[in-house]
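# Notes for the structure review
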Amino acid sequence: MQLAKGIREEDLDEFFSPAGTVVDVRLISDRNSRRSKGIAYVEFLTPDSLPKAISMTGQRVKAVPIIVQATQSEKNRLAAAAQTLQKPPGVARLFVGNLHYNINDEMLTAVFQPFGQVESCKVQKDDKGESKGYAYVMYKGPDSAKQAMEQLNGFELVGRPIKVTFGSEDGSQASSATDSTALDVSRAALMAKLAANPSASFMPMPTPLMSTPLMPSLGVGGLGGLGMTGAAGFGGMAGLGGVGLGGLVAAPAPVPSAPAPCFNLQNMFDPANEIDDGWQQEIMDDVLEEATKFGDVVHIHVDDKSPQGLVYVKCRDGQVAANAMKSLHGRFFAGKQIIATPVPEFQYHALFPAAVGAFAPIKTSR
């Protein structure tokens, strides 16, 4: 790639999202000066995104035309996949990428424990002690590592599909041979394992049919003329059951039961299109107006850096959360279909410690 000075990994994530789900972005910098070398590596969830990404060559990012090429590793992907299936004995270390920055060692260990004895699990951190968005997990045996990789690669954790591959002792990573078909087949077995493991009880149930938006991004405000600035109100949402915009969107997966009063909403905004001051409050007010029809909301957070457009909500109790989720799940907001996913309290409180003592109802600013 040929990249503009000062470009961020988030910028590339947003730029390449039309080509497919981005699971990892790495800017390459000089080891001594830490200055960008003007190149980066982008990895997608599925191989069919690669031709679409290459076709974006010449488009401008931060006013600089970008050059996109397949890496040598991608050119050798099939050979690497075959080698991965025949991994050498004793390789029990996994690389886990595209992690939410609030995920810690304890939470990640609980996810990987159902597949075998975890000897170590370390989220990598920078000089400030903040997560770098990836981790290494070491199992006692290679069979456990292989099973975890096959079933967890692409699994959605806190709104992000995580990337799981074999990692060598020197910290490098190998390509995963797990394909999307294998992931779909193993999903039920995976959730059964997690359900049988009490320490992993904070894991949200995935929504496989709606793991990625099925409609093109129209951006918040794409259904304008609704009397709001920077956000389209819930009054402009289309009907339920997957009907809307010519019927191009499939019906979403049913909303799982919500044992906890917490959930998140995906596709509530596109940070690349939000330029008005105070747009976060507009989104927050829109959610509050709908959710408080069923009871009190005691905590809400707009993850304004999230490419998935995530909003986190904690209600007074599980019944309020369940009713709010059923009302919101599958509806349209600014041209995108909302995905509502329960987030058990343990995980929610790990992400937002201030929510532990939140009991007062939150009102809109309108």
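Calculation notes
Residues numbered from 1 in each chain as written. Predicted model: local features only at pLDDT ≥ 70, side-chain atom pairs only at ≥ 80, totals over all residues. Heavy atoms only, no water. Pairing = 2+ DSSP bridges. Helix = DSSP H or I, 4+ residues; strand = E, 2+ residues; numbered from the N terminus. Axes fitted to C-alpha atoms, helices over the stretch in contact; angles between N-to-C directions. Contact = heavy atoms within 4.5 Å. Expected span 1.5 Å × (residues − 1). Buried < 20%, exposed > 50% of the residue type's maximum accessible area, 1.4 Å probe, protein only. Salt bridge = Lys/Arg side-chain N within 4 Å of Asp/Glu carboxyl O. Phe/Tyr/Trp six-rings, centres within 6.5 Å; stacked < 30°, edge-to-face > 60°. Lys NZ or Arg CZ within 6 Å of the ring centre and 35° of its normal.

### What about the pairing of strand E6 (residues 118-125)?
- Inspection of the sheet shows E6 paired to strand E7 (residues 131-139) by six bridges, in the antiparallel sense. Residue pairing for E7: Ser120 is matched across the bridge by Met138.
- The antiparallel pairing of E6 with E7 creates a hairpin that spans five residues between the two strands, and Gly129 there sits at a positive phi of about 80°.

### Things to note about the sheet that holds E7
- Overall, antiparallel pairing links the four strands, which are arranged E6-E7-E5-E10 in an open sheet. The open sheet terminates on both sides in strands that have one partner only, identified here as E6 and strand E10 (163-166). Each neighbouring strand pair of the sheet contributes to a mean axis angle of 20°, computed without reference to strand direction.
- Two elements, strand E5 (residues 93-97) and E10, share four bridges in a ladder whose sense is antiparallel. Note that in E10 the partner of Phe95 across the bridge is Thr165.
- In the packing of helix H5 (residues 105-112) onto the sheet, the strands contacted are E5, E6, E7 and E10, and the crossing angle to E6 comes to about 135°.
- Contacting E5, E7 and E10, helix H6 (residues 142-152) crosses the sheet at an angle of about 150° to E10.

### Some points on helix H8 (residues 279-291)
- For H8, with 13 residues, the first-to-last C-alpha span of 18 Å sits near the 18 Å given by 1.5 Å per residue.
- Those residues of H8 not exposed but buried are Trp279, Glu282, Ile283, Met284, Asp285, Asp286, Val287, Leu288, Glu290 and Ala291.
- If you follow the buried residues of H8, they end up packed against strand E11 (262-266), strand E12 (297-302), strand E13 (311-315), helix H9 (318-328) and strand E14 (332-333).

### As for the pattern of salt bridges
- Within the structure shown, the criterion is met by 16 salt bridges.
- Put simply, Arg366 and Glu289 hold a salt bridge, and the shortest N to O gap is 2.9 Å. On the criterion of sequence distance, the pair formed by Arg366 in the segment after helix H10 (345-351) and Glu289 in helix H8 is long-range, its members being 77 residues apart.
- Its relative accessible area of 42% is what places Arg366 among the partly exposed residues.
- Overall, the relative accessible area of 35% leaves Glu289 in the partly exposed class.

### A short note on the packing of aromatic side chains
- According to the stated counting rule, one finds nine aromatic pairs in the structure shown.
- Joined through ring pairs, the aromatic side chains of Phe15, Phe16 and Phe44 make up one cluster.
- Above the plane of the ring of Tyr134 lies Arg26, whose end atom (NZ or CZ) is 4.7 Å from the centre.
- Against the face of Tyr136 rests Arg93, its NZ or CZ located 4.2 Å from the ring centre.

### As for the pairing of strand E2 (residues 36-44)
- For strand E1 (residues 22-29) and E2, the ladder comprises seven bridges, and the chain directions are antiparallel. Within E2, the residue paired with Ser29 across the bridge is Ser36.
- The hairpin formed by E1 and E2 contains six residues between the paired strands, and Arg34 there has a positive phi angle of roughly 65°.

### Concerning unusual backbone geometry
- For Asn267, which is not a glycine, the phi torsion comes out positive at approximately 75°.
- With respect to the secondary-structure elements, Asn267 resides in the loop between E11 and H8.
- For Asn267, a relative accessible area of 3% puts it in the buried group.
- Of note, Ala334 is a non-glycine position whose phi angle comes to about 55°, a positive value.
- Counting through the fold element by element, Ala334 comes out in the loop between E14 and strand E15 (336-337).

### Topic: the sheet that holds E13
- Strand order in the open sheet made by the four strands is E12-E13-E11-E16, with antiparallel pairing throughout. One side of each edge strand has no neighbouring strand; the edge strands of this open sheet are E12 and strand E16 (339-342). Within this sheet the neighbouring strands show an average axis-to-axis angle of 20°, counted without direction.
- The pairing of E12 with E13 spans five bridges and is classified as antiparallel. Opposite His299, over in E13, you have Lys314 as the bridge partner.

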